[in-house]
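Inside the fold
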Amino acid sequence: MEQFPQIALAVTAVFVLMSIPMAIAVGVRRTRTGIPLLHGEDESLLRLMRAHGNFIEYVPLALLALAGAEIAGTAPWLVAACGGVLLLARLIHYFSLSASVNGKGRAVGAALTTLTMLVLALAILWQLWTTS
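Reference entry: report on the structure contained in this document.

The rules behind these values
- Residues numbered from 1 in each chain as written.
- Predicted model: local features only at pLDDT ≥ 70, side-chain atom pairs only at ≥ 80, totals over all residues.
- Heavy atoms only, no water.
- Helix = DSSP H or I, 4+ residues; strand = E, 2+ residues; numbered from the N terminus.
- Lys, Arg positive; Asp, Glu negative; His and termini not counted.
- Charge placed at Lys NZ, Arg CZ, Asp CG, Glu CD.
- Expected span 1.5 Å × (residues − 1).
- Buried < 20%, exposed > 50% of the residue type's maximum accessible area, 1.4 Å probe, protein only.
- Contact = heavy atoms within 4.5 Å.
- Phe/Tyr/Trp six-rings, centres within 6.5 Å; stacked < 30°, edge-to-face > 60°.

A few words now on the overall build of the protein chain. Along its length, the protein chain carries four helices and zero strands. When the helices and strands of the protein chain are placed in sequence order, the string is α-α-α-α. Oriented by its inertia axes, the alpha-carbon framework of the protein chain measures out at about 55 × 25 × 20 Å. The averaged location of the 6 negative side-chain charges in the protein chain is 10 Å from the averaged location of its 8 positive side-chain charges.

Printed below as a string of structure tokens:
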């Protein structure tokens, strides 16, 4: 438990790098449409904003859970698997929502994100229970 959570830190770095083009896409769309605040009536801008916003809403807590599970002593294979599933889930969700409000990938990404967060929370609780 004294090590840095290396898996979680690596996954976090990937998510930070993912967030940058998302934010840039919103800024580029704002520049093209001349909409400085909110989304006006531009559906594309709204989808980009929500895709980025949803990422920002869920990813930090999921990464905290990932680091918590790793620090608590969860098996590295499970931490890495959860990080990989979370990455896949967020990519599916982002690209689906960016393309269409009704994309099936949006639900798949949301479900995988929720499932990953549930597994991580249970892993943390399990580690706390079994090591106390």
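Between the first and last C-alpha of helix 3 (residues 76-99) there are 35 Å, a value that for 24 residues agrees with the 34 Å anticipated at 1.5 Å per step. Buried within helix 3 are the following residues: Val79, Cys82, Gly83, Leu86, Ala89, Arg90, His93, Tyr94, Ser96, Leu97 and Ser98. Close packing links the buried residues of helix 3 with helix 1 (6-33), helix 2 (43-72) and helix 4 (104-130).

Our next topic: the environment of Gly27. Examined against the element boundaries, Gly27 turns out to sit in helix 1. A relative accessible area of 31% places Gly27 in the partly exposed class. A C-alpha to C-alpha distance of 9.2 Å links Gly27 and Leu45, two positions 18 residues apart in sequence.

This part is about the environment of Leu86. Tracing the sequence through the fold places Leu86 in helix 3. Classification of Leu86 as buried rests on a relative accessible area of 0%. Taking the C-alpha atoms as reference points, Leu86 and Leu112, 26 residues apart in sequence, are found 6.9 Å from one another. Leu86 has contacts with Phe15, Ala62, Leu63, Thr113 and Thr116, leaving out every residue within four places of it along the chain.

A few words now on the packing of aromatic side chains. For the coordinates displayed, the defined rule picks out two aromatic pairs. Ring geometry for Phe15 versus Phe55: centroids 5.7 Å apart, planes at 40 degrees, classification tilted. Residue Phe15 is found in helix 1, and its partner Phe55 is found in helix 2; the two are separated by 40 residues along the sequence. For the pair Tyr94 and Phe95, a centre-to-centre distance of 5.3 Å together with 80 degrees between the ring planes defines the contact as edge-to-face.

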